[in-house]
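Residue-level structure breakdown
Each chain, letter by letter, is given below.
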Amino acid sequence: MRALVIDDERLARKELINLLSQFDHVEVVGEANNVDDAKEKIESLSPDVVFLDIQMPEKTGFDLLEELDNVPHVIFTTAYDEYALKAFQVNALDYLLKPVEPKRLGEAIERLQKKLSDASDRHEDATIAQQNKKLTLDDQVFVKDGDRCWFVKLSNVRLFESDGNYIKVYFDNNKPMIHKSLNALDERLDEKSFFRASRKHIINLSWVEAIEPWFNGGLVVTLKGGDRIEVSRRQAARFKDMMSL
């Protein structure tokens, strides 16, 4: 975890940095001696936690928190106990009295570690949920091919075609290539809107203009615009089951 030590007293900063050096999972990325210096370093270094003195010249530690857009976790370090209530009103993680005791510092870091771990787990859960969410016709996707980029609505994509380790994405007059497998894409797409016609193709059902029988029980689907896609016999049977009344 990345830590920034903020205190107007140089010796107090050095003492705390020395104590923090005993914790292998804590990296002190910088120190600051006043609010303006601290604000600049928080914005540039993005620490996970600040060890923050309260009484400093011109501005206090509370003033610093009011000026920040993104507030990291805060552990106050102060010689005065009368600010404790206010400290927890601004969601401080802990409140350490100087001189800081190693045991209390260890407890504060343990609490911080749990907080960061819980936040990481929530972020991972949210990421998995987002990945598991099926993409519908109303969703937009980012497509990049070489130097060209598009942000295209899936309702405008009529066809996905496998080409080796790439997929051609058909929309308007464009056919950009993306590095992805058709199987992985098929898992992300809503099956009510997109159909795996064959090993090589996924079609947008809203673009289907005509269907006709083909050899060996297969089908040929014609999309608006003229693309003709063969549907394998196995997938043709599945298609009929899905689409029949």
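The text that follows walks through the structure, step by step, so that each part is easy to find. Quick caveat: nothing in here was measured; it's all calculated off a predicted structure. (Residues numbered from 1 in each chain as written. Predicted model: local features only at pLDDT ≥ 70, side-chain atom pairs only at ≥ 80, totals over all residues. Heavy atoms only, no water.)

1. Points about the environment of L112
Our working definition: Only DSSP runs of H or I reaching four residues or more are called helices, and only runs of E reaching two or more are called strands; each is numbered from the N terminus. We call two residues contacting when some pair of their heavy atoms lies within 4.5 Å.
Counting through the fold element by element, L112 comes out in helix α5 (residues 102-132). C-alpha of L112 to C-alpha of F239: the two residues are 127 residues apart in sequence and 54 Å apart in space. Discounting chain neighbours no more than four positions away, the residues touching L112 are M1, V49, H73 and L93.

2. So, the sheet that holds strand β1 (residues 2-6)
The condition is simple: Strand pairing is assigned whenever DSSP identifies at least 2 bridges connecting the two strands. Simply put, an axis is a line fit to the C-alpha atoms, just over the touching stretch for a helix, and the angle between two N-to-C directions goes from 0 to 180 degrees.
Strand order in the open sheet formed by five strands is β2-β1-β3-β4-β5, and the pairing between neighbours is parallel. Both edges of this open sheet fall to β2 (27-32) and β5 (94-97), since each of them pairs with a single strand only. Taken over all neighbouring pairs, the strand axes of this sheet differ in orientation by 20° on average, direction set aside. The pairing of strand β3 (residues 49-52) with strand β4 (residues 73-78) spans four bridges and is parallel. Its bridge partner lying in β4, V49 is registered against H73. Relative to β2, helix α1 (residues 10-20) is tilted by about 175°, and along the sheet it contacts β1, β2, β3 and β4.

3. Side note on the sheet that holds strand β14 (residues 219-223)
Strand pairing in a sheet relies on backbone hydrogen bonds. The paired strands run either parallel or antiparallel. With antiparallel pairing, three strands are arranged side by side in an open sheet as β13-β14-β15. The outermost strands of the open sheet, each flanked by one partner alone, are β13 (208-213) and β15 (228-231). Each strand of the sheet is rotated relative to its neighbour by a mean of 25°, with strand direction disregarded. Across four bridges, β14 lies against β15 in antiparallel orientation. In the strand pairing of β15, L219 is matched with V231.

4. Some details on the pattern of salt bridges
Here is the rule: The term salt bridge refers to a pairing of a side-chain nitrogen on Lys or Arg with a carboxyl oxygen on Asp or Glu at a separation within 4 Å. With a 1.4 Å probe rolled over the protein chains alone, any residue whose accessible area is under 20% of its type maximum counts as buried; one over 50% counts as exposed, and the rest are partly exposed.
Applying the stated rule across the entire model yields 15 salt bridges. Notably, a salt bridge pairs D36 with K59, separated by 3.2 Å at the nearest N-O pair. Placement of D36 in helix α2 (residues 35-45) and of K59 in the loop between β3 and α3 (61-67) is noted, with a sequence separation of 23 residues between them. Given a relative accessible area of 45%, D36 falls into the partly exposed group. Judged by its relative accessible area of 28%, K59 falls in the partly exposed class. The partner of K41 in a salt bridge is D37, with the nearest N and O atoms 3.5 Å apart. Of this pair, K41 and D37 both sit in helix α2, four residues apart, which is roughly one turn of the helix. Beyond isolated ion pairs, a larger network of salt bridges with shared partners links D36, K39, K59 and E67.

5. Thoughts on the packing of aromatic side chains
Definition in use: For Phe, Tyr and Trp, where Trp contributes only its six-membered ring, two rings pair if their centres lie within 6.5 Å, and the inter-plane angle classes them as stacked under 30 degrees, edge-to-face over 60, or tilted in between. By the criterion adopted, a ring carries a charge over it if an Arg CZ or a Lys NZ lies within 6 Å of its centre and within 35 degrees of its normal.
Across all of its chains, the model carries six aromatic pairs by this definition. Consider the rings of W150 and F171, whose centres lie 5.8 Å apart with planes at 80°: the pair is edge-to-face. Taken together, the positions of W150 in strand β7 (residues 148-153) and F171 in strand β9 (residues 166-171) put the pair 21 residues apart, joining distant regions of the chain. A cation over a ring is seen here: K86 above F62, with NZ or CZ 4.4 Å from the ring centre.

6. Considering the pairing of β1
For clarity, the cut-off: Looking down the strands as they point away from the viewer, one classifies a crossover as right-handed if the path from the first strand across the helix to the second runs clockwise.
Summarising burial for β1: four of the five residues are buried, a large majority. Judged from the five bridges that link them, β1 and β2 form a sheet pairing that is parallel. Bridge assignment links I6 to a residue of β2, and that residue is A32. A crossover links β1 with its parallel partner β2, the connecting element being α1, and its sense is right-handed.

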